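These are the residues of each chain, in order.
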Amino acid sequence: MGGLLNAVQIAKEGVLLLAPNGYENAATEEIRMTAGDEQAMEWLFENTPSGTLFATNRYHTGSPLAGNSNLYTAFSGRQAYMEGFRYTISNIGVSQQVVDERFTNNAILFSPKSDIQTILALAQQEGIDYLVFSTQLGQRPDAFDQLECCYENESVQIYRLPE
């Protein structure tokens, strides 16, 4: 429970929840799907079971609040924790409260201010198996150094979380 309390403390200490990891600088730029993105998602498909849940900092294509990207889910055949959230509200009936909670949790998972205990506790609470970091979108948390990087290319790093 200490990790979750730390997550709340981090959020209160000024982690930019709506635009974590420098997204505010990329918000007007279009984020493109690269060959490296596609290769990483192929790796995820080929090396994980079908029920795998991953979190990613790439849940949009240029505007964090648009929430309009589901490319990683589409290319990997695996479910993202937070991807395409505008669609889930309008077409699937997911509540804004659920989306807001996941938005905050995802920001904490990828915040450079988060410590490893917070990341692991939150990921375990949410049933997340992997963290997928897009190098196009901000600073990689130093805490990720303590995780197993099971795949890496110029565009993407994939970290396996302990069970």
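Rules behind the numbers
Residues numbered from 1 in each chain as written. Predicted model: local features only at pLDDT ≥ 70, side-chain atom pairs only at ≥ 80, totals over all residues. Heavy atoms only, no water. Salt bridge = Lys/Arg side-chain N within 4 Å of Asp/Glu carboxyl O. Buried < 20%, exposed > 50% of the residue type's maximum accessible area, 1.4 Å probe, protein only. Helix = DSSP H or I, 4+ residues; strand = E, 2+ residues; numbered from the N terminus. Pairing = 2+ DSSP bridges. Contact = heavy atoms within 4.5 Å. Axes fitted to C-alpha atoms, helices over the stretch in contact; angles between N-to-C directions. Arc of directions from axis to C-beta. Polar contact = N/O pair within 3.5 Å; in protein donor to acceptor, adjacent residues only side chain to side chain. Phe/Tyr/Trp six-rings, centres within 6.5 Å; stacked < 30°, edge-to-face > 60°.

A. Focus on the pattern of salt bridges. Summed over all chains, the structure comprises two salt bridges. A salt bridge links arginine 140 to aspartate 145; the nearest nitrogen and oxygen atoms lie 2.5 Å apart. What makes aspartate 145 exposed here is its relative accessible area of 53%. One salt bridge connects glutamate 148 with arginine 160, and the closest N-O pair in it is separated by 3.1 Å. Here glutamate 148, found in strand β4 (residues 148-152), pairs with arginine 160, found in strand β5 (residues 156-160); they are 12 residues apart in sequence, far enough to count as distant.

B. Representation of the sheet that holds strand β3 (residues 130-134) within the structure. With mixed pairing, the five strands of this open sheet are ordered in space as β2-β1-β3-β5-β4. Every interior strand has two partners, whereas the edge strands, β2 (79-80) and β4, have only one. By the bridge criterion, two bridges tie strand β1 (residues 53-56) to β2 in an arrangement that is parallel. Across the sheet, the residue bridging to phenylalanine 54 is alanine 80, located in β2. Running at roughly 25° to β5, helix α3 (residues 35-47) makes contact with β1, β3, β4 and β5 of the sheet.

C. Structural view of helix α7 (residues 116-126). Among all positions in α7, only Ile116, Thr118, Ile119, Leu122, Ala123 and Glu126 are buried. For α7, the buried positions fall inside an angular range of 160° around the axis, keeping them on one side. Residues of α7 that are exposed and point more than 90 degrees away from the buried face comprise Gln117 and Gln124. With a side-chain oxygen lying 3.1 Å from the backbone nitrogen of glutamine 117, the N-terminal cap of α7 falls on aspartate 115. Glycine 127, located one to two residues past α7, shows a positive phi value of around 75°.

D. Region of the structure containing the environment of glutamate 83. Within the secondary structure, glutamate 83 sits in the loop between β2 and α5 (85-92). Residues glutamate 83 and valine 99 lie 16 residues apart in sequence; the distance between their C-alpha atoms is 10.0 Å.

E. Summary view of the environment of aspartate 115. Mapped onto the elements, aspartate 115 comes out in the loop between α6 (96-109) and α7. Here aspartate 115 falls in the partly exposed class, since its relative accessible area comes to 28%. In this structure the C-alpha to C-alpha distance between aspartate 115 and proline 141, which are 26 residues apart in sequence, comes to 8.4 Å. A distance of 2.7 Å separates a polar atom in the side chain of aspartate 115 from the backbone nitrogen of threonine 118.

F. Looking closely at the pairing of β1. Neither face of β1 is exposed, since Leu53 and Ala55 on one face and Phe54 and Thr56 on the opposite face are all buried. Pairing of β1 with β3, which is carried by three bridges, proceeds in the parallel orientation. When the bridges of β3 are listed, phenylalanine 54 appears paired with tyrosine 130.

G. Just the packing of aromatic side chains, in detail. Considering all chains together, one arrives at four aromatic pairs under this definition. Taking the centre distance of 6.4 Å and the plane angle of 85° together, the rings of phenylalanine 133 and phenylalanine 144 count as edge-to-face. Residue phenylalanine 133 is located in strand β3, and its partner phenylalanine 144 is located in the loop between β3 and β4; the two are separated by 11 residues in the primary sequence. As far as burial versus exposure is concerned, phenylalanine 133 and phenylalanine 144 are alike and both buried. Pairwise contacts between aromatic rings join Phe110, Phe133, Phe144 and Tyr159 into one cluster.

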